[in-house]
Amino acid sequence: MFFDYLPLMYAATLMTLGLAVCSLIVGLFFSLIFTSLEMNKASCVRKPTAVFVSLLRGLPEIIVVLLIYFGSTELVEKITGEYVEFSAFSCGVLALSLIFAAYASQSLRGAIQAIPVGQWESGAALGLSRPYTFIRLVLPQVWRHALPGLSNQWLVLLKDTALVSLIGVSDLMRQAELINTRTHQPFTWYALAGLIYLAITLISQVFIRKLEVRFTQFERGVR
C-alpha cells in the first residue's frame, strides 16, 4: 500500500517545486519594483510603498494567502459586478511572491546602498544614462551583496509553500494529508513529506554555495 501512494507524492513534489520556482521568479520581479519605489525621491511614492511592504512583513503569511485567495474574487466582483474565480495555484503564487518580495526588497535595498557612489559617478563620466548604469554596472554587484539574504528567503519560501495547502493546492502537505485520511498513518506520510522538504532544501543549499562561489570569485582572486 505504501508504494501505491508514492506516485501521488511525486506529483505533489513537482507541484511544490513549481509553486516555489514560480513564486521566486514573480517575487524577484516584485522585489525590484518595491526596491525602486522605496528608494524613489518622491515621498508620495516612497511612503505608501514602505507602508505596503511593512504590512506584508507584519501580517502572518497564512493571512496574506487567505486574503488574496478569497479577497481577489470578492474585489473583482465589486469592481466589475461579475463573479470570477481564480485558481488556487495562481493565488498561491501571488501571495507567496508578495511575501518573498517584501523581505527580498530589503536585502536588495541594502545591497544597492552598499554600492559605492563612485560606481554611479563612473557611469555618468562615461556618458551612460542612469538606468543603463544601474543595469550594466550596479546590478551585477547588487546580486553579489544581496545573495545571502535572498538565499535565506528562498529557503523560507520553500517551507512557506505548505501554506497553500489550506486553499486546495495539491502540494506535498495537502497530498500527505489526503493520503493520511485514507491510510490513517499520519507519522509515515508527514515524515515522508518532511524528508522531501529537507532533501529539496539541502539540494538548494548546494546550488546556493555554487552561486556564492561564482559571484565572489573576483573578490577572492579566483580565476
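The model shown is predicted, which means the values in this text are computed figures rather than measured ones. (Residues numbered from 1 in each chain as written. Predicted model: local features only at pLDDT ≥ 70, side-chain atom pairs only at ≥ 80, totals over all residues. Heavy atoms only, no water.)

### Topic: the state of the cysteines
- Here the structure, examined in full by the defined rule, presents 0 disulfides.
- Here Cys 22 stays unpaired: no disulfide links it, and the sulfur of Cys 91, its closest cysteine neighbor, is 14 Å away.
- Note on Cys 22: relative accessible area 33%, which makes it partly exposed.
- Cys 91 gets classed as buried once you look at its relative accessible area, which sits at 4%. (Disulfide = S-S within 2.5 Å. Buried < 20%, exposed > 50% of the residue type's maximum accessible area, 1.4 Å probe, protein only.)

### Some points on the environment of Val 65
- Within the fold, Val 65 resides in helix 3 (residues 61–80).
- Judged by relative accessible area, Val 65 falls into the buried class, the value being 0%.
- Spatially, the C-alpha atom of Val 65 lies 24 Å from that of Tyr 10, the residues being 55 residues apart in sequence.
- Leave out the neighbours within four places in its chain, and Val 65 touches Ala 95, Leu 163 and Ile 167. (Helix = DSSP H or I, 4+ residues; strand = E, 2+ residues; numbered from the N terminus. Contact = heavy atoms within 4.5 Å.)

### Looking at the environment of Arg 46
- Tracing the backbone through its elements, the reader meets Arg 46 in helix 2 (residues 43–58).
- Overall, the relative accessible area of 29% leaves Arg 46 in the partly exposed class.
- For the pair Arg 46 and Asn 180, spaced 134 residues apart in sequence, the C-alpha separation works out to 48 Å.
- Arg 46 has contacts with Leu 37, Glu 38, Asn 40 and Lys 41, leaving out every residue within four places of it along the chain.

### Examining the pattern of salt bridges
- Applying the stated criterion to the full structure yields 2 salt bridges.
- In this structure, Arg 109 engages Glu 38 in a salt bridge whose closest nitrogen and oxygen atoms are separated by 3.7 Å. Taken as a pair, Arg 109 in helix 4 (residues 88–114) and Glu 38 in helix 1 (residues 6–38) lie far apart in primary sequence, 71 residues in all.
- In this structure Arg 109 comes out as partly exposed when scored by relative accessible area, which is 26%.
- Classification of Glu 38 as buried rests on a relative accessible area of 7%. (Salt bridge = Lys/Arg side-chain N within 4 Å of Asp/Glu carboxyl O.)

### Here we look at the side chain of Ser 23
- By secondary structure assignment, the location of Ser 23 is in helix 1.
- Owing to a relative accessible area of 0%, Ser 23 belongs among the buried residues under this scheme.
- Residue contacts for Ser 23: discarding those within four places in its chain leaves Gly 92, Val 93, Leu 96, Ser 97 and Leu 157.

### Looking at a nonpolar patch on the surface
- Together, Tyr 10, Leu 14 and Leu 17 make up an exposed nonpolar region whose accessible area comes to about 300 Å².
- Residue position: Tyr 10 is located in helix 1. (Patch = residues over 30% accessible without salt bridge, like charges linked within 9 Å, V, L, I, M, F, W, Y side chains within 5 Å. Areas by Shrake-Rupley, 256 points an atom, 1.4 Å probe, with all protein chains shown as cover.)

### As for helix 4
- Counted at 1.5 Å a residue, the expected span for helix 4 with its 27 residues is 39 Å, and the 39 Å between its end C-alpha atoms agrees.
- Largest kink in helix 4: about 30°, centred on Ala 102. (Expected span 1.5 Å × (residues − 1). Bend = angle between axes of the 7 residues up to and from the residue.)

### A closer look at the packing of helix 2 against helix 4
- Two elements in contact, helix 2 and helix 4, have axes whose closest approach is 9 Å; the angle formed by their N-to-C orientations is 115°. Remark: the crossing between helix 2 and helix 4 carries left-handed chirality. Taken together, the residues of helix 4 that come into contact with helix 2 (itself represented by Val 53, Leu 56 and Arg 57) are Leu 98, Ala 102, Tyr 103, Ser 105 and Gln 106.
- Classifying every residue of the contact of helix 2 with helix 4 by side-chain character gives 5 nonpolar, 2 polar and 1 charged. (Axes fitted to C-alpha atoms, helices over the stretch in contact; angles between N-to-C directions. Left-handed = near helix turned anticlockwise from the far one by under 90°. Nonpolar A, V, L, I, M, F, W, Y, C, P; charged D, E, K, R; others polar.)

### Remarks on the packing of aromatic side chains
- Following the criterion strictly, the structure yields 5 aromatic pairs and no others.
- Look at Phe 29 and Phe 30: their rings are 6.1 Å apart centre to centre, the planes differ by 45°, and that puts the pair in the tilted class.
- When the centroid spacing of 6.3 Å and the interplanar angle of 15° are considered together, the rings of Phe 30 and Phe 34 count as stacked. Residue Phe 30 and its partner Phe 34 are both found in helix 1; the two are separated by 4 residues, about one turn of the helix. This pair shows no difference in class: Phe 30 is buried, exactly as Phe 34 is.
- One aromatic cluster is present, formed by Phe 29, Phe 30, Phe 34 and Phe 52 through successive ring pairs. (Phe/Tyr/Trp six-rings, centres within 6.5 Å; stacked < 30°, edge-to-face > 60°.)

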